[in-house]
Amino acid sequence: MAVIHRTTLTPTKVELLTSWLPGRPWYRGSGTPELERTGGFRLDDPAGEVGIEFMVVTDRSTPEPTAYLVPLTYRGAPLAGAEDGLIGTTEHGVLGKRWVYDGCHDPVLTTGLLALIGGTAPAMAQSITDTPDHEVTRSHTGEPLPSASHTPAPVDDTDGTDLPAPHGTVLRVHRVLRPVPGADMPGAPKGAVGHVATGWPGPDGTRLRAVFMELRTA
């Protein structure tokens, strides 16, 4: 169970992402972003060692606000072989120094995400300890997804990140979130064999909804 501490982070997550985002191929801005954390959810690491968060940040510097999905992991020591995925380090008021990674480079996050899609792990509230997030929906069809550690080899493009997944599938992480019309949570996109979707607050107070991740055959 992940424990959510009410404490300080120096620098904050948003400050780390403000420096990191402009170097991503899917970044839509042309300068320094103006970020606000606007949503997301967490997963529990069964070993209790790694913090796992799927954060939505909205950039107000673009002509229309742009919502990005940033999967994050928080570790108490560097992750060997994941230097390209390091976003930065921060000082946690309770846990001390934490290494913050783009979670697509972290096997603990990708293994947890496959468990979520496969229905064997619940989504948890972003800011409340031991509380499921019932707004998050998921689906999966086909062979059961394995629970063994999955080592990612992420490939970024101008819209998202692809990760090789079991049974000849590809896990697609949508970095630029595109809200769907209507009040219903979107289902799996056409051709997908699995997906995760949820909502977050829009700039005008409405609730926006989008597919965050999908699982497709390669």
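Residues numbered from 1 in each chain as written. Predicted model: local features only at pLDDT ≥ 70, side-chain atom pairs only at ≥ 80, totals over all residues. Heavy atoms only, no water.

Considerations on helix α2 (residues 107-118)
Logical step 1: For α2, built from twelve residues, the straight-helix expectation of 16 Å at 1.5 Å per residue is met to within 8% by its first-to-last C-alpha distance of 16 Å.
Logical step 2: Of all the twelve residues making up α2, ten are buried; the element is thus mostly covered by neighbouring parts of the structure.
Logical step 3: For α2, the set of buried residues is Pro107, Leu109, Thr110, Thr111, Gly112, Leu113, Leu114, Ala115, Leu116 and Ile117.
Logical step 4: The backbone nitrogen of valine 108 lies 3.0 Å from a side-chain oxygen of the residue at the head of α2, namely aspartate 106.
Logical step 5: In the stretch just after α2, glycine 119 is the one whose phi turns positive, near 85 degrees. (Helix = DSSP H or I, 4+ residues; strand = E, 2+ residues; numbered from the N terminus. Expected span 1.5 Å × (residues − 1). Buried < 20%, exposed > 50% of the residue type's maximum accessible area, 1.4 Å probe, protein only. Polar contact = N/O pair within 3.5 Å; in protein donor to acceptor, adjacent residues only side chain to side chain.)

A few points about the pairing of strand β9 (residues 160-165)
Within a regular strand, side chains alternate between the sheet's two faces.
Logical step 1: Bridge count between strand β8 (residues 155-156) and β9: two bridges; the pairing is antiparallel. Considered in β9, the bridge of aspartate 156 is made with threonine 161.
Logical step 2: The turn linking β8 back onto β9 is made up of three residues.
Logical step 3: Connecting β9 to the antiparallel partner strand β10 (residues 169-174) that follows it, the hairpin turn spans three residues, and histidine 167 within it adopts a positive phi of roughly 60 degrees. (Pairing = 2+ DSSP bridges.)

Section: unusual backbone geometry
Logical step 1: Cis geometry marks the peptide bond from threonine 10 to proline 11, where omega comes out at -5 degrees.
Logical step 2: Its identity is not glycine, yet aspartate 130 carries a phi of approximately 55 degrees, on the positive side.
Logical step 3: If you trace the backbone, aspartate 130 turns up in the loop between α2 and β7 (137-140).
Logical step 4: Located in the positive-phi region is histidine 167, a residue other than glycine, with phi close to 60 degrees.

With respect to the nonpolar core
Logical step 1: Phe41, Phe54 and Met213 are the most contacted members of the largest nonpolar core, which totals 29 residues.
Logical step 2: Secondary structure elements with two or more residues in this core: β2 (35-43), β3 (51-59), β4 (66-75), α2, β9, β10, β11 (192-201) and β12 (207-217).
Logical step 3: For this core, the element with the most residues is α2, which contributes five residues.
Logical step 4: Leaving out residues up to four positions away in the same chain, methionine 213 has contacts with Phe41, Phe54, Leu69, Leu113, Arg172, Val173, His174, His195 and Val196.
Logical step 5: In terms of nonpolar packing, the next biggest core, distinct from the first, is built from 16 residues, Trp20, Tyr68, Val70 and Tyr74 among them. (Core = buried A, V, L, I, M, F, W, Y, C linked by side-chain atoms within 4.5 Å. Contact = heavy atoms within 4.5 Å.)

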